[in-house]
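# A look at the structure
Listed below are the residues making up each chain.
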Amino acid sequence: MSKGEETKEKILQQAAELFNQQGYAGASIADIMRVTGLQKGGIYNHFQSKDELALQAFDFAVAQFKERYRTILRSKHHAVDRLQAIVDIFRSNIDNPIIKGGCPILNTAIESDDTHPALRERARQAMDSWREMVSQIIQKGIERGEIRSMVNIDEIATIMISSLEGAVMMSKLYGDLIYIERVTQHLNEYIKNHVQI
C-alpha cells in the first residue's frame with residue numbers, strides 16, 4: 001500500500017468513526033481536520049467534497065462489519081449456528097465495536113432519512129446486503145434440512161435485523177445492556193424453537 005493509500009485509509013477510518021458518532025450533519029470539516037490531524041487541503045487531496053468523504057467513509061464502515069461477519073461465519077457450517085453467530089456478532093459489537101458509535105447502517109438510515117438522499121441510498125444498499133446474507137443462510141438451511149421448510153425467509157430476516165437494531169438503539173439510549181441481552185436471548189430461543197428442525 002502506498003503512502004497516499006495509507007493516508008486515505010486513515011482518513012476513512014477516522015471519518016467513519018466521527019460520522020458514526022456525530023452524524024454527517026453534526027460533523028464539520030473542522031472536526032474531520034481535528035480527528036485526522038490533516039489540513040483541509042490534505043483531506044481534499046483524497047476527496048473532492050465532504051459528501052464524497054461521507055459516502056466513502058460509510059462504505060468503509062460497512063466493509064469492516066462485513067469482514068467481521070465473513071471471518072466468524074467461515075467456521076460455522078450449520079445454518080442455525082450461522083444465524084446464532086449473527087446474533088452473537090451483533091451483541092459483541094457493543095463491547096467490542098468494529099467502528100465507534102454503533103451500527104453505521106442504523107445511524108446513517110436514521111440521520112439521512114430526509115436530508116441526504118445519496119447516503120440514504122447507500123444505507124439501503126447495505127441493509128439489502130445484510131438481509132440477503134441472512135436470507136441466503138436460511139434458504140441453504142432449508143435446502144440442507146437444517147431449517148423448517150415452511151418458514152417465511154423474509155419474515156425471519158426482518159425480525160432478526162429489526163430486533164437487533166432496535167435493541168442496540170434502546171441499549172445506547174438508556175446506557176443499559178439489558179435490552180440487547182433480552183433480544184439476543186429471545187432470538188436465540190426463537191431460532192432454536194421455531195426455525196431449527
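Quick note: structure is the one above.
What you are looking at is a predicted structure, and each value in this text was computed from that prediction instead of being measured.

### A closer look at the packing of helix 7 (residues 117-143) against helix 8 (residues 153-174)
The contact between helix 7 and helix 8 brings their axes to 9 Å, and the two run at 130°. Viewed along their axes, helix 7 and helix 8 adopt a mutual orientation that is oblique. At the point where helix 7 passes helix 8, the crossing takes the right-handed sense. Contact residues: Met127, Trp130, Arg131, Val134, Ser135, Ile138, Gln139 and Ile142 in helix 7; Ile153, Asp154, Ile156, Ala157, Met160, Ile161, Leu164 and Glu165 in helix 8. Across the contact of helix 7 with helix 8, the residue classes break down as 11 nonpolar, 2 polar and 3 charged.

### Comments concerning helix 7
With 27 residues, helix 7 extends 38 Å from end C-alpha to end C-alpha; this agrees with the ideal 39 Å at 1.5 Å per step. All of the buried residues in helix 7 are Leu119, Ala123, Ala126, Trp130, Val134, Ser135, Ile137, Ile138, Gly141 and Ile142. The positive-phi residue at the C-terminal boundary of helix 7 is Gly145, with phi of around 75°.

### Let's talk about the layout of surface pockets
If you add up the space inside the largest pocket, you get close to 300 Å³. Breaking the lining of the largest pocket down by element, the ones donating at least two residues are helix 4 (50-73), helix 5 (79-95), helix 6 (104-112) and helix 7. Its residues assigned to classes, the lining of the largest pocket comprises 11 nonpolar, 1 polar and 3 charged. In this structure, the second largest pocket occupies an estimated 190 Å³ of space. Lining the second largest pocket are 16 residues, and of these Phe19, Asn20, Gly23, Thr108 and Glu111 sit closest to its centre. Of all the elements in the fold, those that place two or more residues in the lining of the second largest pocket are helix 1 (3-22), helix 4 and helix 6. With 5 residues, the top contributor of residues to the lining of the second largest pocket is helix 1. Broken down by class, the residue content of the lining of the second largest pocket amounts to 9 nonpolar, 6 polar and 1 charged.

### Let's talk about the nonpolar core
Judged by nonpolar contacts, the single largest core of 59 residues is most densely connected at Phe19, Leu53, Leu83, Ile138, Ile147 and Met160. Taken together, the elements giving at least two residues each to this core come down to helix 1, helix 4, helix 5, helix 6, helix 7, helix 8 and helix 9 (178-195). The contact partners of Phe19, leaving out residues within four places of it in the chain, are Tyr24, Ala27, Ile32, Lys50, Leu53, Ala54 and Ala57.

### Concerning the packing of aromatic side chains
This structure, assessed with the given rule, holds 3 aromatic pairs. Summarising the aromatic geometry, the rings of Phe90 and Trp130 are spaced 5.3 Å apart at their centres and angled 10° between planes, so their arrangement reads as stacked. Residue Phe90 is located in helix 5, and its partner Trp130 is located in helix 7; the two are separated by 40 residues in the primary sequence. One exposure class covers both Phe90 and Trp130, and it is buried. Aromatic side chains Tyr174 and Tyr179 sit 5.3 Å apart centroid to centroid with 35° between the ring planes, which places their arrangement in the tilted category. Its guanidinium or amino end placed over the ring of Tyr24, Lys50 lies 4.4 Å from that ring's centre, counting from NZ or CZ.

### A short note on the pattern of salt bridges
Here the structure, examined in full by the defined rule, presents 8 salt bridges. Note that Arg34 is salt-bridged to Asp31, the shortest N-O span being 3.5 Å. Taken together, the residues span about one helical turn, with Arg34 and Asp31 both in helix 2 (residues 29-36) at a distance of 3 residues. Of the residues examined, Arg34 reaches a relative accessible area of 54% and is grouped as exposed. By relative accessible area, Asp31 is classed as buried at 16%. Residue Arg144 pairs with Glu146 through a salt bridge whose shortest N-O separation is 3.3 Å.

Rules of the game
- Residues numbered from 1 in each chain as written.
- Predicted model: local features only at pLDDT ≥ 70, side-chain atom pairs only at ≥ 80, totals over all residues.
- Heavy atoms only, no water.
- Axes fitted to C-alpha atoms, helices over the stretch in contact; angles between N-to-C directions.
- Helix = DSSP H or I, 4+ residues; strand = E, 2+ residues; numbered from the N terminus.
- Parallel < 35°, antiparallel > 145°, perpendicular 65-115°, else oblique.
- Left-handed = near helix turned anticlockwise from the far one by under 90°.
- Contact = heavy atoms within 4.5 Å.
- Nonpolar A, V, L, I, M, F, W, Y, C, P; charged D, E, K, R; others polar.
- Expected span 1.5 Å × (residues − 1).
- Buried < 20%, exposed > 50% of the residue type's maximum accessible area, 1.4 Å probe, protein only.
- 1 Å grid on protein atoms, 1.4 Å probe; cavity = no way out; pocket = protein on both sides within 12 Å on 5 of 7 lines; lining within 4 Å.
- Points joined across faces, edges and corners; volume = space filled by probe spheres on them.
- Core = buried A, V, L, I, M, F, W, Y, C linked by side-chain atoms within 4.5 Å.
- Phe/Tyr/Trp six-rings, centres within 6.5 Å; stacked < 30°, edge-to-face > 60°.
- Lys NZ or Arg CZ within 6 Å of the ring centre and 35° of its normal.
- Salt bridge = Lys/Arg side-chain N within 4 Å of Asp/Glu carboxyl O.

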